[in-house]
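Here is how the chains run, residue by residue.
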Amino acid sequence: MTVDARGHRCPVPSLRLRRALEGQAAGARLTLLATDSMARIDVPFLMRELGGRVVQIEEEDGVLSITVETGDARTG
């Protein structure tokens, strides 16, 4: 699943990702697309809070692509 938050400022990208993670099974992977560089800081913090992890962060043409994975417990 891809969560597109391009063009939105903090905290919207993290909020959209959090909403998308709700009810996902353990090990589910989602990718957040964001143009706000704060997502590079906010998303790892969010994933630690939710018991998940950041798998990969890439940036191309000013767009961050952040892939996350849910933890053992259901998120949300």
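Model, not experiment: these values are computed from the prediction. (Residues numbered from 1 in each chain as written. Predicted model: local features only at pLDDT ≥ 70, side-chain atom pairs only at ≥ 80, totals over all residues. Heavy atoms only, no water.)

## Observations concerning the overall build of the protein chain
Looking only at helices and strands, the protein chain has two helices and four strands in total. Secondary structure elements of the protein chain occur, N-terminal to C-terminal, as β-α-β-α-β-β. What you see for the protein chain is a C-alpha radius of gyration of 11 Å, in line with the 11 Å of a compact globule of 76 residues. Taking the principal axes of the C-alpha coordinates as reference, the protein chain spans close to 35 × 20 × 20 Å. In the protein chain, once contacts between residues fewer than 6 apart in sequence are set aside, the share between residues at least 24 apart is 65%. Summing over all exposed atoms, the protein chain offers an accessible surface of approximately 4,400 Å²; the carbon and sulfur share of this is 47%. Looking at charge distribution, the protein chain has the averaged site of its 10 positive side-chain charges lying 4 Å from that of its 11 negative ones. (Helix = DSSP H or I, 4+ residues; strand = E, 2+ residues; numbered from the N terminus. Rg over C-alpha atoms; globule rule 2.2 N^0.38 Å. Contact = heavy atoms within 4.5 Å. Areas by Shrake-Rupley, 256 points an atom, 1.4 Å probe, with all protein chains shown as cover. Lys, Arg positive; Asp, Glu negative; His and termini not counted. Charge placed at Lys NZ, Arg CZ, Asp CG, Glu CD.)

## Digging into the pattern of salt bridges
Applying the stated criterion across every chain yields a total of six salt bridges. In this structure, a network of salt bridges that share partners links the residues R29, R53 and E69. (Salt bridge = Lys/Arg side-chain N within 4 Å of Asp/Glu carboxyl O.)

## Describing the nonpolar core
L17, L30, L32, V43, I66 and V68 are the most contacted members of the largest nonpolar core, which has 16 residues in total. Where this core is concerned, the elements lending two or more residues are β1 (2–5), α1 (12–21), β2 (29–34), α2 (39–50) and β4 (63–69). Element by element, the count of residues in this core is highest for α2, at four residues. Once you skip the residues sitting within four places of it in the chain, V68 turns out to touch L17, L21, A28, R29, L30, V43, M47, R53, V54 and V55. (Core = buried A, V, L, I, M, F, W, Y, C linked by side-chain atoms within 4.5 Å. Buried < 20%, exposed > 50% of the residue type's maximum accessible area, 1.4 Å probe, protein only.)

## Considerations on the pairing of β4
Across the seven residues of β4, six count as buried, placing the element largely inside the fold. For β2 and β4, the ladder comprises six bridges, and the chain directions are antiparallel. Bridge pairing links A34 to L64 in β4. With seven bridges connecting them, strand β3 (residues 53–60) and β4 associate as antiparallel partners. Within β4, the position partnered with Q56 by the bridge is T67. The turn linking β3 back onto β4 is made up of two residues, and D61 within it adopts a positive phi angle of 55 degrees. (Pairing = 2+ DSSP bridges.)

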